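A closer look at the structure
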Amino acid sequence: NAGVTQTPKFQVLKTGQSMTLQCAQDMNHEYMSWYRQDPGMGLRLIHYSVGAGITDQGEVPNGYNVSRSTTEDFPLRLLSAAPSQTSVYFCASSYSATQYFGPGTRLLVL
Amino acid sequence: DAKTTQPTSMDCAEGRAANLPCNHSTISGNEYVYWYRQIHSQGPQYIIHGLKNNETNEMASLIITEDRKSSTLILPHATLRDTAVYYCIVKRTNAGKSTFGDGTTLTVKP
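Worth saying up front: this structure is predicted, and the values here are computed from it rather than measured. (Residues numbered from 1 in each chain as written. Chains lettered and ligands numbered in written order. Predicted model: local features only at pLDDT ≥ 70, side-chain atom pairs only at ≥ 80, totals over all residues. Heavy atoms only, no water.)

Here we take up the overall build of chain B. Of the regular secondary structure elements, chain B holds zero helices and nine strands. Listing every helix and strand of chain B by position from the N terminus yields β-β-β-β-β-β-β-β-β. In summary, chain B has a C-alpha radius of gyration of 13 Å against a globular reference of 13 Å for 110 residues, a match within 12%. Expressed along its principal axes, the backbone C-alpha trace of chain B runs to roughly 40 × 30 × 25 Å. Residue pairs in contact within chain B that sit at least 24 positions apart in sequence constitute 57% of those at least 6 positions apart. For chain B, the exposed surface amounts to about 5600 Å²; the carbon and sulfur share of it is 46%. The average position of the 11 basic charges and that of the 10 acidic charges among the side chains of chain B differ by 3 Å. (Helix = DSSP H or I, 4+ residues; strand = E, 2+ residues; numbered from the N terminus. Rg over C-alpha atoms; globule rule 2.2 N^0.38 Å. Contact = heavy atoms within 4.5 Å. Areas by Shrake-Rupley, 256 points an atom, 1.4 Å probe, with all protein chains shown as cover. Lys, Arg positive; Asp, Glu negative; His and termini not counted. Charge placed at Lys NZ, Arg CZ, Asp CG, Glu CD.)

As structure tokens, this is what we get:
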């Protein structure tokens, strides 16, 4: 199993650009979630999904969209990037409460 | 999810036991205590979890007080590779998402 994979590893955007962060898991987990981590801080929940076709907002959802068309994939879309979205983004999946995290995407918005 | 309180930082000598405390005085009866760690800004890694009995696995031991208002993660023989941020999280067993605090930065010194 590859576990949880995230692409890209690094990305630089200009303010106003849009992009999609990809997340995939091959463990057939129902739960998937997106977090952001700013320097020196803990992870904050952006959006999560309890299964295909079902998503909900987390603590910091503004400026981000998600969809869950398949069990395997949970992409995170930045609609119009802002410097405040510079962060490290982690995707996680789980079948119960034990979560498995991807390696992260480091995003810099100029 | 119940709120948790952890010390900001701790040091430990290599080869000695590292004891990381966590307070969760508002924990509910159906909430578990989970521990994760994050090394060098990698994705968080699951360590151990428990409800009310003490738990042990190949990585660590978890001691939960009888009133369940606090717990201690024990790394029996800390190595330099155990230097990381350790997060204590309280949540229900079917919760596929987590609320992260700022965790405890453990530094293992030679």
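In this section: the state of the cysteines. Put plainly, two cysteines are in a disulfide when a covalent bond ties their sulfur atoms together. For the structure shown, the criterion picks out two disulfides over all chains. With a sulfur-sulfur separation of 1.8 Å, A:Cys23 is cross-linked through a disulfide to A:Cys91. Of note, the bridge from A:Cys23 to A:Cys91 carries an S-S torsion of about -70° and is left-handed in sense. Taken as a pair, A:Cys23 in strand β3 (residues 19-25) and A:Cys91 in strand β9 (residues 87-94) lie far apart in primary sequence, 68 residues in all. Under the relative-accessibility criterion, A:Cys91 is labelled buried at 0%. Linked covalently through their sulfurs, B:Cys22 and B:Cys88 form a disulfide whose S-S length is 2.1 Å. (Disulfide = S-S within 2.5 Å. Buried < 20%, exposed > 50% of the residue type's maximum accessible area, 1.4 Å probe, protein only.)

Residue and element names in this part refer to chain B. According to the stated counting rule, one finds four salt bridges over all chains in the structure shown. Residues Asp-11 and Lys-109 are paired through a salt bridge, measuring 3.1 Å at the closest nitrogen-oxygen approach. With Asp-11 in strand β1 (residues 9-13) and Lys-109 in strand β9 (residues 104-109), the pair connects residues that are 98 residues apart, well separated along the chain. Between Arg-37 and Asp-82 there is a salt bridge, with its nearest N and O atoms 2.8 Å apart. With Arg-37 in strand β3 (residues 31-38) and Asp-82 in the loop between β7 (70-75) and β8 (84-92), this residue pair connects regions lying 45 residues apart in the sequence. (Salt bridge = Lys/Arg side-chain N within 4 Å of Asp/Glu carboxyl O.)

The next subject is a nonpolar patch on the surface. Residue and element names in this part refer to chain A. A cluster of nonpolar side chains, Val-12, Leu-108 and Leu-110, forms an exposed patch at the surface whose accessible area comes to about 280 Å². Structurally, Leu-110 can be placed in the segment after β11 (105-109). Here Leu-110 falls in the exposed class, since its relative accessible area comes to 58%. (Patch = residues over 30% accessible without salt bridge, like charges linked within 9 Å, V, L, I, M, F, W, Y side chains within 5 Å.)

Turning our eyes to something else, we now look at the packing of aromatic side chains. Scanning all chains against the criterion turns up ten aromatic pairs over all chains. Pairing B:Tyr34 with B:Tyr36 gives two aromatic rings, centres 6.5 Å apart and planes at 15°, and the pair type is stacked. Take B:Tyr34 and B:Tyr36: they sit in the same class, and that class is buried. Taken together, the ring pairs connect A:Tyr35, A:Phe101, B:Tyr34, B:Tyr36, B:Tyr46, B:Tyr87 and B:Phe100 into an aromatic cluster. Cation over ring: A:Arg68 sits above A:Phe74, and NZ or CZ is 6.0 Å from the ring centre. One cation-aromatic arrangement involves B:Lys91 over B:Tyr34; the distance from NZ or CZ to the ring centre is 5.2 Å. (Phe/Tyr/Trp six-rings, centres within 6.5 Å; stacked < 30°, edge-to-face > 60°. Lys NZ or Arg CZ within 6 Å of the ring centre and 35° of its normal.)

This part covers the sheet that holds strand β8 (residues 76-78) of chain A. All names here are of chain A. Read across the open sheet, the four strands follow the order β1-β3-β8-β7; overall the sheet is antiparallel. Two strands lie at the open edges of the sheet, namely β1 (4-7) and β7 (64-66), each paired on one side alone. With strand direction ignored, the average angle separating the axes of adjacent strands in the sheet is 20°. Bridging between β1 and β3 involves four bridges; their strand directions are antiparallel. Within β3, the position partnered with Val-4 by the bridge is Gln-25. (Pairing = 2+ DSSP bridges. Axes fitted to C-alpha atoms, helices over the stretch in contact; angles between N-to-C directions.)

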